[in-house]
Amino acid sequence: MSAEVPEAASAEEQKSEHNLVYVPLILNSLEEMEDKVTSPEKAEEAKLKARYPHLGQKPGGSDFLRKRLQKGQKYFDSGDYNMAKAKMKNKQLPAAAPDKTEVTGDHIPTPQDLPQRKPSLVASKLAG
Amino acid sequence: MAGAGGGGCPAGGNDFQWCFSQVKGAIDEDVAEADIISTVEFNYSGDLLATGDKGGRVVIFQREQENKSRPHSRGEYNVYSTFQSHEPEFDYLKSLEIEEKINKIRWLPQQNAAHFLLSTNDKTIKLWKISERDKRAEGYNLKDEDGRLRDPFRVTALRVPILKPMDLMVEASPRRIFANAHTYHINSISVNSDHETYLSADDLRINLWHLEITDRSFNIVDIKPANMEELTEVITAAEFHPHQCNVLVYSSSKGTVRLCDMRSSALCDRHSKFFEEPEDPSSRSFFSEIISSISDVKFSHSGRYMMTRDYLSVKVWDLNMESRPVETHQVHEYLRSKLCSLYENDCIFDKFECCWNGSDSAIMTGSYNNFFRMFDRNARRDVTLEASRENSKPRASLKPRKVCTGGKRKKDEISVDSLDFNKKILHTAWHPLENIIAVAATNNLYIFQDKIN
């Protein structure tokens, strides 16, 4: 790759201390660009960071692991449900959100919101 | 490895010529979640092949005896038994749904006419007994042929019941249920070479069980930090050594493997050996740790080596050398330039398994687009094969596949961007003695055999 020679290389500008500060910065960014070209992984990382700037300082760290450990958590609190039912005796309970996988926020989960987990009564198709 | 024509193979070489043998499962495009195969395992003799699925069901296939009138049909696998192993549960206390998906099946070595296997979901391990019944007693004294009890006072003569043959009936019954020992999700079970104990591992702990005792289990590894905020790694797989009953290994999400010796202390928190490949710090990226996470660890049959599978490669380690693997095989290196999208669609977290062949001369693992990879360790050759219905004529040879990474795509090649990431082969198994492999492609089970000339 043909590197653009920084303008600061000229003798005149080198006299100015101010300009000298910029030289290493330009060279650094050139190095970074080289890294991105040679390492596909780093290029992918840059892409990801561009899309999700707040992705988090600790890659694959605690947040991700803790989410993994909590797999399968549903949010149904029978206490909340019964309290809500008692309060709103005459009113309809808020309708179920269209996305039934995530039940959070103001919506009071109802037993109907939890997807039915029936055992497979049908035999496996591998045995067919 | 599919060479042109049979020919003689080089001395000691594995000139495999894989051919389609059978495919099990439904053809329709609409795959029910429950039908997705989640584990595949041959038993010790290779005569039985068990599969578990997301619906909690187990299907066991048995190899037919070779038929002299059809010499080419080298023992096909047909359904032997099927049963519902686990059912969905709901833990109301923790508001946790417990999936019925079978995470692992492990066979016990056969000790009598019956077969035993361990099957596990996220929380509970079950010991199943599969037994045959091909005789039935007739001529009871105290009951009629239809089962109605006879009045004992009416019996005037006694007879000895006789055993008569009946149609073979295969029964599966749960003999032990090992429950309530895991707070986190079980990822591995492994039967010990002592044939009396086994281990079960979840994200943070490993427990040791005795096959006869269900109300007690010993915790042998615990990596849970006192403060969960400090959690940096989890256990991803664990296995007992095939011969040394005191040795086990467990892999982590950070790409390391720890070998523990149960003789050194009751709690094996301190490892005896620590296997980690040094990483070049300048090449570190956001993805480094995620793709280094080991999804499977398997000892070789010899017990001298072990193999680890991370997202992009398979590594073979000599147990005597902790500093680095002795072999590294790239499975699909072309995915390195796709990590961003693989992270977004969660594929980067897919857990691929790997397996050895019976002689430890070859290893196999799955990939995407229903491709799977085979590495011949001696000849230092590798091949990419595909499990697809299009190539499912009986005894049809499998043609090697190639992924083209850039620039010009040759005629039979497929470009990286055309790969179907929903067609993942996570589970494969190799017959312990012969060149027969079972490959699970979502809801279909493919069986391939090496062509005998």
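Residues numbered from 1 in each chain as written. Chains lettered and ligands numbered in written order. Predicted model: local features only at pLDDT ≥ 70, side-chain atom pairs only at ≥ 80, totals over all residues. Heavy atoms only, no water.

### Describing the sheet that holds strand β17 (residues 247–252) of chain B
Paired through their backbone hydrogen bonds, the strands of a sheet run either parallel or antiparallel. Residue and element names in this part refer to chain B. Selection criterion: When DSSP finds two or more bridges between a pair of strands, those strands are recorded as paired. Secondary structure is summarised from DSSP: a helix means a run of H or I of at least four residues, a strand means a run of E of at least two, and numbering begins at the N terminus for each. Note on geometry: axes are lines fitted to C-alpha atoms, helical ones only across the stretch in contact, with angles between N-to-C directions running from 0 to 180 degrees.
The strand order across the open sheet formed by four strands is β16-β17-β18-β19, and the pairing between neighbours is antiparallel. With one partner strand each, in any of the chains shown, β16 (235–240) and β19 (273–275) form the two edges of the open sheet. The sheet shows a mean angle of 20° between the axes of neighbouring strands, direction not considered. Bridge count for β17 against strand β18 (residues 257–261) is five bridges, and the pairing is antiparallel.

### Quick look at the side chain of S251 of chain B
All names here are of chain B. Where we set the bar: Any N or O atom pair separated by 3.5 Å or less is treated as a polar contact, with the protein-specific requirement of one donor-capable and one acceptor-capable atom, and with residues adjacent in sequence counted only for side-chain atom pairs. Residue contacts are counted whenever heavy atoms from the two residues lie within 4.5 Å of one another.
For S251, the location among the structural elements is in strand β17. Here T236 takes part through its side chain, which lies 2.7 Å from a polar atom of the side chain of S251. Ignoring sequence-local partners within four residues, the contact set of S251 consists of V234, I235, T236, A237, T256, V257, I294 and V297.

### Overview of the pairing of strand β1 (residues 18–24) of chain B
Residues and elements named next belong to chain B. The line we're drawing: When accessible area is computed with a 1.4 Å probe and restricted to protein chains, residues below 20% of their type maximum are described as buried, those above 50% as exposed, and intermediate ones as partly exposed.
The buried fraction of β1 is high, at six of seven residues. The sheet contact formed by β1 and strand β32 (residues 444–450) spans six bridges and is antiparallel. For V23, the partnering residue across the bridge sits in β32 and is Y446.

### Description of the interface of chain A and chain B
Put simply, the test is: For any pair of parts, buried area is found by adding up, for both, the accessible area (1.4 Å probe) each one loses once the two are put together. Whenever a carboxyl oxygen of Asp or Glu lies within 4 Å of a side-chain nitrogen of Lys or Arg, that contact is scored as a salt bridge. Charged means Asp, Glu, Lys or Arg here, nonpolar means Ala, Val, Leu, Ile, Met, Phe, Trp, Tyr, Cys or Pro, and polar covers whatever is left, Gly included.
Across the contact, 38 residues belong to chain A and 59 residues belong to chain B. When chain A packs against chain B, close to 4,100 Å² is buried across both sides, 56% of that on carbon and sulfur atoms. Inspection of the region where chain A meets chain B yields three salt bridges. A salt bridge links R51 of chain A to E344 of chain B; the nearest nitrogen and oxygen atoms lie 2.5 Å apart. Linking chain A with chain B are 10 residue pairs in polar contact (both at pLDDT 80 or more). Taken together, the elements giving at least two residues each to the side of chain A that touches chain B come down to α3 (40–51) and α4 (62–69) of chain A. Per element, the largest residue contribution to the side of chain A that touches chain B is eight residues, and it comes from α3 of chain A. Grouping the constituent residues of the side of chain A that touches chain B by class yields 17 nonpolar, seven polar and 14 charged.

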